[in-house]
Amino acid sequence: APLNDCPADVETLGRSTWTLLHTIAATYPTTPTVSEQSDLTNFMKLFSKLYPCWVCAEDFQQYIKKDEIRAASRQDFGLWLCGAHNEVNKKLGKPIFDCAKWEERWRTGWKDGRCD
Ligand code: FAD
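Residues numbered from 1 in each chain as written. Predicted model: local features only at pLDDT ≥ 70, side-chain atom pairs only at ≥ 80, totals over all residues. Heavy atoms only, no water.

## Quick look at the overall build of the protein
Then step 1. In terms of regular secondary structure, the protein is built from five helices and zero strands.
Then step 2. Summarising its shape, the C-alpha atoms of the protein cover approximately 45 × 40 × 30 Å along the three principal directions.
Then step 3. Intrachain contacts of the protein at a sequence separation of at least 6 include 56% that bridge at least 24 residues.
Then step 4. Total accessible area on the protein is roughly 7,800 Å²; 57% of this is exposed by carbon and sulfur atoms.
Then step 5. For the protein, the separation between the mean place of its 15 positive charges and that of its 16 negative charges on side chains is 3 Å. (Helix = DSSP H or I, 4+ residues; strand = E, 2+ residues; numbered from the N terminus. Contact = heavy atoms within 4.5 Å. Areas by Shrake-Rupley, 256 points an atom, 1.4 Å probe, with all protein chains shown as cover. Lys, Arg positive; Asp, Glu negative; His and termini not counted. Charge placed at Lys NZ, Arg CZ, Asp CG, Glu CD.)

Okay, here's the thing in structure tokens:
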């Protein structure tokens, strides 16, 4: 392997993980079955325990306790996840993302054709 293939640091891990999570939201059904809803909720709860940045995981578990995971539909989960990500952005002093645009960023691509 090339010399610069290094273990992921907190930033690289974070970027890759948000990509996975928002892409799960983007491909989640608009009208999920009860079993799909419980799979997603269970996945997120287990994820919050297993995320291999322990301080991040601890804060994320606390967040899930105050703002419970919503998985009733794609919009419902996409907006919940955007809010959760914004909470981390706030903590790190990063810009707050406009959640009205989560689907453009993660599902449809920007209206100006930037992703075509
Ligand atoms: P990222 O925050 O990784 O975002 C990637 C892209 O997502 C952005 O470029 C933007 O296009 C888009 N985006 C940004 N905000 C939103 C949003 N609200 N909704 C939808 N899309 C959005 N790092 C720490 O140092 N301390 C922590 O405690 C910590 N906790 C974390 C908890 C979790 C669950 C995860 C997944 C990551 C955590 N991280 C933490 C990592 C941190 O969130 C970033 O991933 C990392 O700092 C790299 O940031 P970035 O600027 O590349 O953008």
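Next, the rest of the story.
## Quick word on the packing of aromatic side chains
Then step 1. Scanning all chains against the criterion turns up six aromatic pairs.
Then step 2. When the centroid spacing of 5.1 Å and the interplanar angle of 45° are considered together, the rings of phenylalanine 47 and tyrosine 51 count as tilted. Residue phenylalanine 47 shares its accessibility class with tyrosine 51, and that shared class is buried.
Then step 3. Aromatic rings pair up to connect Tyr28, Phe47, Tyr51, Phe60, Tyr63, Phe77 and Trp80 into one cluster.
Then step 4. Note that arginine 105 overlies the ring of tryptophan 106, its terminal NZ or CZ placed 3.8 Å from the centroid. (Phe/Tyr/Trp six-rings, centres within 6.5 Å; stacked < 30°, edge-to-face > 60°. Buried < 20%, exposed > 50% of the residue type's maximum accessible area, 1.4 Å probe, protein only. Lys NZ or Arg CZ within 6 Å of the ring centre and 35° of its normal.)

## Comments concerning the environment of alanine 100
Then step 1. Examined against the element boundaries, alanine 100 turns out to sit in the loop between α4 (74–92) and α5 (102–108).
Then step 2. Relative accessible area serves as the criterion here: at 70%, alanine 100 is assigned to the exposed category.
Then step 3. Separated by 25 residues in the primary sequence, alanine 100 and glutamine 75 have C-alpha atoms spaced 10 Å apart.

## Description of the site of the ligand
Then step 1. Around the ligand there are 21 residues in total, and Arg15, Trp18, His85, Lys91 and Arg105 lie nearest to it.
Then step 2. Between lysine 91 and the ligand, the recorded distance is 2.6 Å, taken from a side-chain N or O atom to an oxygen atom.
Then step 3. In the complex, the protein chains occlude 84% of the 960 Å² of accessible area that the ligand would expose alone.
Then step 4. Contributions of two or more residues to the shell around the ligand are made by α1 (10–27), α3 (54–66), α4 and α5.
Then step 5. Residues that form the shell around the ligand fall into these classes: ten nonpolar, six polar and five charged. (Near = heavy atom within 4 Å. Polar contact = N/O pair within 3.5 Å; in protein donor to acceptor, adjacent residues only side chain to side chain. Nonpolar A, V, L, I, M, F, W, Y, C, P; charged D, E, K, R; others polar.)

## Section: the packing of α1 against α4
Then step 1. Between α1 and α4, whose axes approach to 8 Å, the crossing angle comes to 160°. In terms of axis orientation, α1 runs roughly antiparallel to α4. Both α1 and α4 take part in a crossing whose hand is left-handed. In contact with Trp18, Leu21, His22, Ala25 and Ala26 of α1, α4 contributes Arg74, Phe77, Gly78, Leu81, Cys82, Ala84, His85 and Val88.
Then step 2. A per-class count over the contact of α1 with α4 returns nine nonpolar, three polar and one charged. (Axes fitted to C-alpha atoms, helices over the stretch in contact; angles between N-to-C directions. Parallel < 35°, antiparallel > 145°, perpendicular 65-115°, else oblique. Left-handed = near helix turned anticlockwise from the far one by under 90°.)

## Some words on the pattern of salt bridges
Then step 1. All chains considered together, the criterion is met by nine salt bridges.
Then step 2. Salt-bridge contacts for aspartate 76 lead to arginine 70; the nearest nitrogen and oxygen are separated by 3.3 Å.
Then step 3. The shortest N-O distance in the salt bridge between lysine 101 and aspartate 98 comes to 3.6 Å. (Salt bridge = Lys/Arg side-chain N within 4 Å of Asp/Glu carboxyl O.)

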